[in-house]
Amino acid sequence: GNRDVVRLEISYTSMIDGTGKELLAGKEENVKVVNLDVWFANERALVCTVPTDEGEEEDGESSSADPLSGNGSNILFFLAEEDVDKSLEKLRAA
């Protein structure tokens with residue numbers, strides 16, 4: 001059956017790359033916006049899909065017809081990390 005889709009909009013002006021360097025968006029017009037459809041969320045995990053153009057309804061809302069289309073390439077799975085700094089440090093080049 002159909003369900004109401006929860007849309008999450010994330011905007012950011014900077015990000016930290018794998019080496020720990022901060023990358024800035026620069027100007028206001030360079031602010032990045034990412035839309036995600038949320039399918040599951042709790043205190044430990046978040047499961048989202050990236051809305052596709054063909055999944056957009058006329059009013060701009062996302063269609064929930066098949067969130068698993070595209071061989072799963074539009075699925076994002078986030079897990080809570082107890083110590084983000086320690087985990088990132090492990091990934092950094094020596």
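Residues numbered from 1 in each chain as written. Predicted model: local features only at pLDDT ≥ 70, side-chain atom pairs only at ≥ 80, totals over all residues. Heavy atoms only, no water.

Some points on the confidence of the model for the protein chain
The following threshold applies: Confidence of the predictor in every single residue is expressed as pLDDT, which spans 0 to 100. Note on contacts: a residue pair qualifies if any of its non-hydrogen atoms lie within 4.5 Å across the two residues.
Of the residues in the protein chain, 82% have a pLDDT of 70 or more, and the chain-wide mean is 79. Throughout residues 55-63 the model reports pLDDT below 50, and contacts reaching past four residues in sequence, or to other chains, amount to 13 contacts.

What to know about the pairing of strand β4 (residues 32-41)
Regular strands place their side chains on alternate faces of the sheet. Going by this rule: At least two bridges found by DSSP between two strands are what make those strands a pair. Helical segments are the DSSP runs of H or I of at least four residues, strand segments are the runs of E of at least two, and each set is numbered from the N terminus.
Judged from the seven bridges that link them, strand β1 (residues 6-12) and β4 form a sheet pairing that is antiparallel. From the neighbouring strand, Glu9 faces β4, where its bridge partner is Asn35. Adjacent in sequence and paired antiparallel, β4 and strand β5 (residues 45-49) are bridged by three residues.

Side note on the sheet that holds β1
Here is the rule: Working convention: axes come from line fits to C-alpha atoms, limited for helices to the stretch in contact. Angles between N-to-C directions cover 0 to 180 degrees.
A sheet is described by the order of its strands in space; here four strands give the open sequence β1-β4-β5-β6, paired in antiparallel fashion. Edge positions in the open sheet fall to β1 and β6 (75-79), since each of these has one partner strand only. Adjacent strand axes in the sheet meet at a mean angle of 35°, parallel and antiparallel pairs treated alike.

Digging into the pattern of salt bridges
Put simply, the rule reads: We define a salt bridge as a contact between a side-chain nitrogen of Lys or Arg and a carboxyl oxygen of Asp or Glu at a distance within 4 Å. Burial here depends on accessible area, computed with a 1.4 Å probe over protein chains only, as a share of the maximum for the residue type. Under 20% is buried, over 50% is exposed, and the range in between is partly exposed.
Inspection of every chain in the model, using the stated rule, returns two salt bridges. The shortest N-O distance in the salt bridge between Asp37 and Arg7 comes to 2.7 Å. Of this pair, Asp37 sits in strand β4 while Arg7 sits in strand β1, and the two are 30 residues apart along the sequence. When the shortest N-O distance is used, the salt bridge between Glu82 and Arg44 registers 3.0 Å. Residue Glu82 is located in the loop between β6 and α1 (84-91), and its partner Arg44 is located in the loop between β4 and β5; the two are separated by 38 residues in the primary sequence. Overall, Glu82 belongs to the exposed group, its relative accessible area being 69%. With a relative accessible area of 42%, Arg44 lands in the partly exposed category.

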